[in-house]
Amino acid sequence: MCGIVGYIGKRDVVSVLLKGLTNLEYRGYDSAGMALQDCGEIKIYKTLGKLVNLKNELENKKSELKHPSSGIGHIRWATHGSPSLVNAHPHTCSCGKLVVVHNGIIENYKELREELIKKGCVFRSQTDTETIAHLVADEYANTKNLEEAVRNSVKKLQGAYAVCVIHKDAPDIIVGARKHAPMLVGIGDGENFIASDTPAIIEYTKRTIYLDDNEIAVISQNSVKVTDINGHEVIKKVETLPWEPVALSKLGFKHFMLKEIYEQSDVIRNLLNGKLYDIDECVKLDEVKIDKEILKNLNKIEIIACGTSLHAALAGKYIIEDFAGISVEVEASSEYIYRKTTTNASTLVIGVSQSGETADTITAIKQAKAKNSHVLIITNRPDSNMARLADSLIPVNAGIEVSVAATKSYTAQLISFYLLAIHLAEIKGSMEKSYLKNIKHELIQLPSKIEEILSNTSNIKECARKYSSYKNFIYIARGINLATAYEGALKLKEISYINATGYPAGELKHGPIAMLDETMPVLSILMPGGITYEKVLSNSEEAKARNAKLIALTSSDDKNIDALFDVVIRIPKISEILSPALTCVPLQLLAYYIAEFLGKDVDQPRNLAKSVTVE
Ligand code: AGP
């Protein structure tokens, strides 16, 4: 959460910072702010709400600025202190000479705050961040060296931080430090950048240094120095970013979410490319770096993830258990980290994350590593912190996902699970070759089937129009599409703020059915020919008997349901086990169109941030 960008160089500093913040806005949008070194003065601008307000403020106050030479910017996702102007970053020390922007949570901020107040510091906000400003200023008073002051201060911080600091008396440098929160340095010619994530700098440079925990970076116009917590210089590898700036364009779509939904067929093609060429050949998954003998005898897998990635993990459980016969446990990372797990050296632990930065999942992965498990990470960000922890890494290569609501990364995670499960099945010999051949054949056909769904969405749009005024929805399914029900309901909740809940269809009559009446649409996911079809149909009948409006999501060959359901949405015919890769698409679109009809902010829903970098 929260996005940070710093720049020092000859370009228009305000434009560079605004561009960087624009590309980081998925990280939060409660407030935005900027501090500029402007000819011997530090000027601070802050606004509430979205970045556009800061842009307008800076446009109005353009005449105040002489020639800024560097600056730091921030967009906030509020943790400590409400989203208000006084709590907006940047924060300053009492005299206003030292300025800080921060992402993370300082756990011991209350104790530090009390000590600093005793020393005479004047606090203005309710944030934990302001403590850092006073703390570094206090150290600076002794050292007169900003780098040293930051180093001495971060030693006293508990919790997570990516922090950027500037000082009026040190106008030629920006100092950054990190622990448990992402931060990188972008290297230019006669200019340098520091940021929370790569999209902030991609327009200007692809040369990047990723900071590790407890490292401190000092950037000036012509130099970058990284040291450890003890002040020893660290020689860092300069990496080249794989992204192109075009990845951050809406390419004519009204929202990133819609663009990302439409990218899914290409995402699957990309992912299959090089891994699955021919149905007669084995899946190539060189990324899994575990000895084949160990894989053959593997009897337990644990998958840890959050949100949408957790739903992909749930589908992954069904797929792996079905194909490879290995027992799989799936758990929310936030739960995994607070219990005594049975994870051990013979467990394969899989972490799933679009961003690779989700704090709970990172903590869970670290715990699993401490128990000597082999950790396989499935992520869209091979450049992320989580990826760096991986023993094996499957990059899903979906391209940058900007919309807060995950869509194409979900599909890519699902496909990764199909490939992994086939790979395991081929090693273990747990499945008939002919069965796997059929699965591979269907996998290869998936992109064109998604294109078929996307080529005619009028039915889904009409369904969205019809039901957009309803306040509550239930999504039901059984078996592998239970993950789809959870994910479809999450999509609707996230972007339209409508109460939607996914249930195993068989659970309906154990309680939730009490809520049903004509005000509650029930969306049933049915797969003709699948083992759960008849049962979900019966559960839908039960809902109909309570006057619920019924929406069916089924395949084109389902001939006998029109009489029962009020609306029928169809996908191309597909086997039940592979169907989640298709059923998710109409549900993403349904959520999108409902949110659109309601005039919601689709790409940046309230209260959310794309990377949840605090626990
Ligand atoms: C997805 O639409 C959500 N925005 C959210 O649930 C997300 O999936 C979750 O925060 C996990 O993120 P990750 O995949 O980046 O770890």
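Computed from a predicted model, the values in this text were never measured in an experiment.

(A) Representation of the pattern of salt bridges. Enumeration over the complete set of coordinates arrives at 45 salt bridges. For Glu-302, the salt bridge goes to Lys-300, with nearest N and O atoms at 2.9 Å. A relative accessible area of 3% means that Glu-302 is categorised as buried. Sharing partners across several salt bridges, the network here consists of Arg-27, Asp-197, Arg-381 and Asp-383.

(B) Focus on the pairing of strand E18 (residues 374–379). Burial of E18 is extensive: 6 of the 6 residues sit out of reach of the surface. Both faces of E18 are covered, namely the face carrying His-374, Leu-376 and Ile-378 and the face carrying Val-375, Ile-377 and Thr-379. Across 6 bridges, strand E17 (residues 348–353) lies against E18 in parallel orientation. Pairing of Ser-353 across the sheet is with Thr-379, part of E18. As defined by bridge partners, E18 adjoins strand E19 (residues 392–395) across 4 bridges and the pair is classed as parallel. Note on E19: the bridge partner recorded for Leu-376 is Ser-392.

(C) Seen up close, the sheet that holds E19. With parallel pairing, 5 strands are arranged side by side in an open sheet as E16-E15-E17-E18-E19. Since the sheet does not close on itself, it has two edges, and those belong to strand E16 (327–332) and E19, each with one partner. Averaged over all adjacent pairs, the angle separating strand axes in this sheet is 20°, with direction ignored. Bridge analysis of strand E15 (residues 300–305) against E16 gives 6 bridges, and the strand direction is parallel. Opposite Lys-300, over in E16, you have Ser-327 as the bridge partner. Where helix H9 (residues 307–324) meets the sheet, it contacts E15, E16 and E17, and its direction lies at approximately 170° from that of E16.

(D) Structural detail: helix H16 (residues 482–496). Over its 15 residues, H16 runs 21 Å from end to end, which matches the ideal 21 Å to within 8%, given 1.5 Å per residue. Among the residues of H16, Leu-482, Ala-483, Thr-484, Ala-485, Glu-487, Gly-488, Ala-489, Lys-491, Leu-492, Glu-494, Ile-495 and Ser-496 are the ones counted as buried. Of the residues one or two after H16, Tyr-497 is the one with positive phi, at around 65°.

Definitions and limits used
- Residues numbered from 1 in each chain as written.
- Predicted model: local features only at pLDDT ≥ 70, side-chain atom pairs only at ≥ 80, totals over all residues.
- Heavy atoms only, no water.
- Salt bridge = Lys/Arg side-chain N within 4 Å of Asp/Glu carboxyl O.
- Buried < 20%, exposed > 50% of the residue type's maximum accessible area, 1.4 Å probe, protein only.
- Helix = DSSP H or I, 4+ residues; strand = E, 2+ residues; numbered from the N terminus.
- Pairing = 2+ DSSP bridges.
- Axes fitted to C-alpha atoms, helices over the stretch in contact; angles between N-to-C directions.
- Contact = heavy atoms within 4.5 Å.
- Expected span 1.5 Å × (residues − 1).

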